[in-house]
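# Structural characterization, general
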Amino acid sequence: MKKILIIGAAGQIGSELTLELREIYGGENVIAGEIKEITSEKLLNSGPVAKVDITDINNIADVVKKYNVDAIISMAAILSACGEQNPQLAWNVNMNGFINVLEVARELKLKQVFNPSSIAAFGPSTPRNNTPQETVLKPTSMYGVTKVAGELIADYYVFKYGMDVRGLRYPGIISNETLPGGGTTDYAVAIYYEAIKNKKYTCFLKEDTMLPMMYMPDCLKATIDLFQADYSKLKHHSDFNLAAMSFTPAILAESIKKHIPEFTIDYKIDFRQAIADSWPRSIDDSAAREEWGWKPSYDLDAMTADMLKVLGEKHKKGLF
Ligand code: AKB
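Residues numbered from 1 in each chain as written. Predicted model: local features only at pLDDT ≥ 70, side-chain atom pairs only at ≥ 80, totals over all residues. Heavy atoms only, no water.

## Here's the deal with the nonpolar core
- Of all hydrophobic cores here, the largest spans 37 residues; its most connected members are Ile174, Tyr187, Tyr192, Phe247, Leu252, Ile256 and Met303.
- Where this core is concerned, the elements lending two or more residues are helix H7 (187–197), strand S10 (200–203), strand S11 (211–215), strand S13 (245–247), helix H9 (249–257), helix H10 (272–277) and helix H12 (300–316).
- No other element matches the eight residues that H7 contributes to this core.
- Residue contacts for Tyr192: discarding those within four places in its chain leaves Ile174, Leu252, Ile256, Leu300, Met303, Thr304, Met307, Leu308 and Leu311.
- Core analysis: the second largest hydrophobic core is formed by 34 residues, Leu21, Ile73, Met214 and Ala222 among them. (Core = buried A, V, L, I, M, F, W, Y, C linked by side-chain atoms within 4.5 Å. Buried < 20%, exposed > 50% of the residue type's maximum accessible area, 1.4 Å probe, protein only. Helix = DSSP H or I, 4+ residues; strand = E, 2+ residues; numbered from the N terminus. Contact = heavy atoms within 4.5 Å.)

In structure tokens, the structure reads:
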């Protein structure tokens, strides 16, 4: 039986992943590690919580020893837009923090480490359409730099120490439980909240900015499928391309209009456009499909229908 520590358990992905893993492994076997105070009743009532600062190696080691953890999922990160406001912080959390996780895992002989990468690992010189698994990795954002360095250091620990370290390159993730914080793809979440609340949205990316995206249920499935995959069958380890759909703000607005015809979008472009322009438009994820059977379930219209239904109910209850 695995004992899993999730670092960043109150974040956009961490909050839902923690609950999903508690369903699979049992609440007491999944420790919600978070630097902030956890306020979600669902997280507090379904299993242990621990204060974890990823930049403090002794803090991580203490929690791992206290709960007999044998796998760490490291979801704590400073995302692309925040990373450009504070590049040093992004390096410290994303890189030094991840090395802390790897070192604790090496010293305490943990069975597994999972660390997500991102489409931000690619840069302007990468082919932007159907971006291959093996390609140029020269990002221009600090977040991207930390993601490439994270992939490389993860593979180093695999080859040097024989450790089991895995990860995949998330596209923009859209969800209705916990808001993302500080990313470039965040518009694709905010637009649904605004569509329901105000029937209009002002987008910080240009209307024709095509980016790879994924709905949270597919993100959770991909994460758990790779986490549980037979390690001996994996040729890649920490850098799997992952795809579900690609769309622009204008295409997303059309999808919303099918449910809310009066919805309007306008545009006020900011610094995040430059980040988006350096990323792929679509991704070739055939290695993930071949090595661990990846297949997404949601396309844009299926996601929109579900997002508007769930958020519509939350809005009626006065939750936003
Ligand atoms: C971001 O926009 O920074 C993230 C990502 C694509 O990794 N959502």
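Having seen the model, we can carry on.
## With respect to the state of the cysteines
- One pass over the structure, following the stated rule, counts zero disulfides.
- Left without a disulfide partner, Cys82 is nearest to the cysteine sulfur of Cys203, which lies 17 Å away.
- Looking at Cys82, the relative accessible area reads 38%, which means it is partly exposed.
- Residue classification places Cys203 among the buried residues on the basis of a relative accessible area of 0%. (Disulfide = S-S within 2.5 Å.)

## As for unusual backbone geometry
- For Asn68, which is not glycine, the phi torsion reads 50° and is therefore positive.
- On the secondary structure map, Asn68 appears in the loop between helix H3 (57–66) and strand S4 (71–74).
- Phi is positive for Asn130, close to 50°, though the residue is something other than glycine.
- Looking at the element boundaries, Asn130 is found in the loop between strand S6 (117–118) and helix H6 (142–161).

## Digging into the domain arrangement of the protein
- As far as domains go, the protein holds domain 1 (4–172 + 215–241) and domain 2 (173–213 + 245–316).
- Using C-alpha coordinates to define each centre, domain 1 is positioned 23 Å away from domain 2.
- On the domain 2 side, the residues contacting the 45 residues of domain 1 number 42 residues.
- For the pairing of domain 1 and domain 2, the buried interface totals around 3,700 Å² over both sides, and the portion due to carbon and sulfur atoms is 59%. (Domains from an automatic or database assignment. Buried area = accessible area lost by both parts, 1.4 Å probe.)

## A short note on the pattern of salt bridges
- If you walk through the whole model with that rule in mind, you get 16 salt bridges.
- Close ionic contact of Arg106 with Glu107 constitutes a salt bridge, the shortest N to O distance being 3.9 Å.
- Classification of Arg106 by relative accessible area gives partly exposed; the value is 29%.
- The salt bridge partner of Glu254 is Lys257, with a shortest N-O separation of 3.5 Å. Placement of the pair is Glu254 and Lys257 together in helix H9, with a separation of three residues, close to one helical turn.
- Linked by salt bridges that have partners in common, Lys42, Glu177 and Lys314 make up one network. (Salt bridge = Lys/Arg side-chain N within 4 Å of Asp/Glu carboxyl O.)

## What to know about the pairing of S4
- Residues of S4 alternate between two faces, with Ala71 and Ile73 on one and Ile72 and Ser74 on the opposite face, all of them buried.
- Two elements, strand S1 (residues 4–7) and S4, share four bridges in a ladder whose sense is parallel. Counted as the bridge partner of Leu5 is Ile72 from S4.
- In this sheet, strand S5 (residues 112–114) lies alongside S4 in parallel orientation, the contact comprising three bridges. Looking at the pairing, Ile72 lines up with Val113 of S5. (Pairing = 2+ DSSP bridges.)

## Quick word on the site of the ligand
- Neighbouring residues of the ligand: Leu79, Ser80, Ser118, Ile119, Tyr143, Gly183, Thr184, Thr185 and Trp279.
- Measuring from an oxygen atom of the ligand, one finds a side-chain N or O atom of Ser118 at 2.7 Å.
- Contact distances for the ligand include 2.8 Å between an oxygen atom and a side-chain N or O atom of Tyr143.
- For the ligand, the accessible surface in isolation is 260 Å², of which the surrounding protein chains cover 93%.
- When residues are assigned to domains, the shell around the ligand turns out to be shared by domain 1 (4–172 + 215–241) and domain 2 (173–213 + 245–316), each giving three or more. (Near = heavy atom within 4 Å. Polar contact = N/O pair within 3.5 Å; in protein donor to acceptor, adjacent residues only side chain to side chain. Areas by Shrake-Rupley, 256 points an atom, 1.4 Å probe, with all protein chains shown as cover.)

## Looking at the packing of aromatic side chains
- For the structure shown, the criterion picks out nine aromatic pairs.
- With a centroid separation of 6.4 Å and an interplanar angle of 85°, the aromatic rings of Tyr156 and Tyr161 are classed as edge-to-face.
- A residue is classified by how much of its surface remains accessible, and Tyr156, at 42% relative accessible area, is partly exposed.
- For the pair Phe240 and Trp292, a centre-to-centre distance of 5.8 Å together with 85° between the ring planes defines the contact as edge-to-face. Of this pair, Phe240 sits in strand S12 (residues 240–241) while Trp292 sits in helix H11 (residues 286–292), and the two are 52 residues apart along the sequence.
- For Phe240, a relative accessible area of 0% translates into the label buried.
- Relative accessible area serves as the criterion here: at 10%, Trp292 is assigned to the buried category.
- Ring-pair connections join several aromatic residues into one group, and the members of that group are Tyr156, Tyr157 and Tyr161.
- Above the ring of Phe227, the side-chain terminus of Lys2 is found at 4.9 Å from the ring centroid. (Phe/Tyr/Trp six-rings, centres within 6.5 Å; stacked < 30°, edge-to-face > 60°. Lys NZ or Arg CZ within 6 Å of the ring centre and 35° of its normal.)

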